[in-house]
Structure formats: structure tokens, C-alpha cells
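Listed here are the chains, written in short residue letters.
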Amino acid sequence: MAQGQYGRFGQAAGIHTVSGERSYLMPYGVLAPPQRFAMRVQRYMHEHGVRQEALRAIALASYHHAQANPRAVMHGKPLDAGKYDASRWIVEPFHLYDCCMENDGAAALLLVSAERAHDFRRKPAYVLGAAFGSGHRAAATAHNAPLYATSSFDTVASDLYRMAGAGPLDVGVVQAYENFTGGVVMALAEHGFFRPDEANDFLTFDNLIAPTGRLPLNTSGGNLAECYMHGLELVLEAVRQVRGTSTSQVRRNDVALVIGGPMVTPASNLILGSEATL
């Protein structure tokens, strides 16, 4: 990826006409992704009593794991609660550290048959399930979807678990695409790790860090602190966890969940497992 050649997110230059959904947004100053998604998250937080501390815990966990990962862009740049709280608002409820980075880089994933995988030196991670889609009328324009405060996994998560023959209790580690931390809160709830009204109790720093957290999250640093390869690096980290080669290795690593693009329609997810899960 070399986004600098083609323009970055948040830059409105070079737009010569406005049509479709943008015609309902841009005249009112809604130009960039954080503005669009903040409204969904603010609605969710209001409906379920989710506090800012839940979003902060996700950011702190990602930055914590990045400090153990020498490849991470934010390696050597730790984040604490005071620094998070003092950072500028981008658009409420997103502070600076609630928003993913933008950087150039590259990542690659090799997918082969299970039989072929045995010919390689490294231990393989097996695809147990992969799902793709969204709920009813999730693509309704002008922020008019019936389930507005959703990460778009209300039906996709159950499809994934059914395909994989697994459930949330089987998952030992999660790599969740953080376009913004609020979407991660919604996605984890929709994947069955907690009820929305339990988010504040579940989403704490201690629960989200390797090796002993209740649900270690984004153990390479994720989009917030490792790099932003549109989520492909999250799949690579799930593979490392299953192999046992992560820089922040978890204890329960037989089943790893990857959550792609919360609040983006359609959304996708993936479950990888060790040979013991077959």
C-alpha cells in the first residue's frame, strides 16, 4: 500500500461532484470516516450506558502489545490513561488514540490446502470458518439503517460460529479491526463475548492483555499501534498466535478470531485454529 500516491482518508480535495450518500452528508460537514462512524458509536454508547473507559481500554491494550513488537510503528511510544485522556478530540466519542493510523507498507498471506501445508517448515494455521455479509438493510443510505447502532455482525457472527463449529467460549484471542475503538466494542458484543450492558465491566485493560487476560485483544498492536494494512496484518497476527510465535503470546491459542471492518457494510470475519481443533 502506498496511499500517499492517491490521497489519504480525511482529505476532501479532488472531489468534483457529490452524489449518493455523500449528498446527504457533505453539505453538513460530515466529510471523513471518524465523523460518520462516531454517530453510530455515540448512539450505541447512549443506548447501553457504555463509558469512555471501555474505548480507552481497547486503545491501551493495543499500545501495550505494540511495545513488545519491534515491527510496530508505535513500538517505543507507550500510551497511558493520562495521555489518552489528554489527547485531542477528533470527533466525540473518539480521541486521537481511538482512531487507526494511516501508513504505507506491505503484508502477505499464503493460503494453501491442508495437505500442502504439511510441506512447509512452519506450523500451519487452519481456516475453520469465514463469513461475509451484513444484517437487514444495513446498506441503507443517509444513516437510515433500521439497526443503526450496530457493527454489522448481528447475523454474520452466528454464520461464522456455525461454519467453524465453535463459539465465543472456544476463542482464546481476538484480532479486531479498529478503524475506531467504538466499533470494536460493538463487534465484540455482537460476537457474543458480553452483553452490551456488560461492556464496561468486560472491557478493562487487564482483561484485554496477553498472556493472562480474559480475552487478549490485538496482540501485535493492531491498526492503532502496529500498522494499518487494511486489516491484513490482523490475520497474520492470528496465524502467529496459533503457531505460538507472537511477541505477546497468549496461553489459549488453539482458536483465534479475526474481526474485519466493524460498521462497514458488508463486514467479514474469520476463525483460525491449530491442528488440534480439526
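Residues numbered from 1 in each chain as written. Predicted model: local features only at pLDDT ≥ 70, side-chain atom pairs only at ≥ 80, totals over all residues. Heavy atoms only, no water.

Draft legend 1. Spatial organisation of helix α3 (residues 52-66). End to end, α3 covers 22 Å across 15 residues, agreeing with the expected 21 Å (1.5 Å per residue, within 8%). Burial analysis of α3 places 11 of its 15 residues in the buried class, which makes it a mostly covered element. Turning to α3, its buried residues are A54, L55, A57, I58, A59, L60, A61, S62, Y63, H65 and A66. (Helix = DSSP H or I, 4+ residues; strand = E, 2+ residues; numbered from the N terminus. Expected span 1.5 Å × (residues − 1). Buried < 20%, exposed > 50% of the residue type's maximum accessible area, 1.4 Å probe, protein only.)

Draft legend 2. Representation of the pattern of salt bridges in the model. This structure, assessed with the given rule, holds 9 salt bridges. The closest approach of N and O atoms between E47 and R43, which form a salt bridge, is 2.8 Å. Residue E47 and its partner R43 are both found in helix α2 (residues 33-48); the two are separated by 4 residues, about one turn of the helix. When its relative accessible area of 41% is taken as the criterion, R43 is described as partly exposed. Across the salt bridge formed by E198 and R195, the nearest N and O atoms sit 3.0 Å from each other. Within the structure, one salt-bridge network assembled from shared partners comprises R195, D197 and E198. (Salt bridge = Lys/Arg side-chain N within 4 Å of Asp/Glu carboxyl O.)

Draft legend 3. Local environment of empty space enclosed by the protein. Under the defined criterion, the tally for this structure stands at 1 cavity of 30 Å³ or more. By volume, the largest cavity amounts to about 60 Å³. If you go around the largest cavity, the residues you meet are R40, G135, H136, A138, A145, P146, L147, T150, S152, D154 and T265. A per-class count over the lining of the largest cavity returns 4 nonpolar, 5 polar and 2 charged. (1 Å grid on protein atoms, 1.4 Å probe; cavity = no way out; pocket = protein on both sides within 12 Å on 5 of 7 lines; lining within 4 Å. Points joined across faces, edges and corners; volume = space filled by probe spheres on them. Nonpolar A, V, L, I, M, F, W, Y, C, P; charged D, E, K, R; others polar.)

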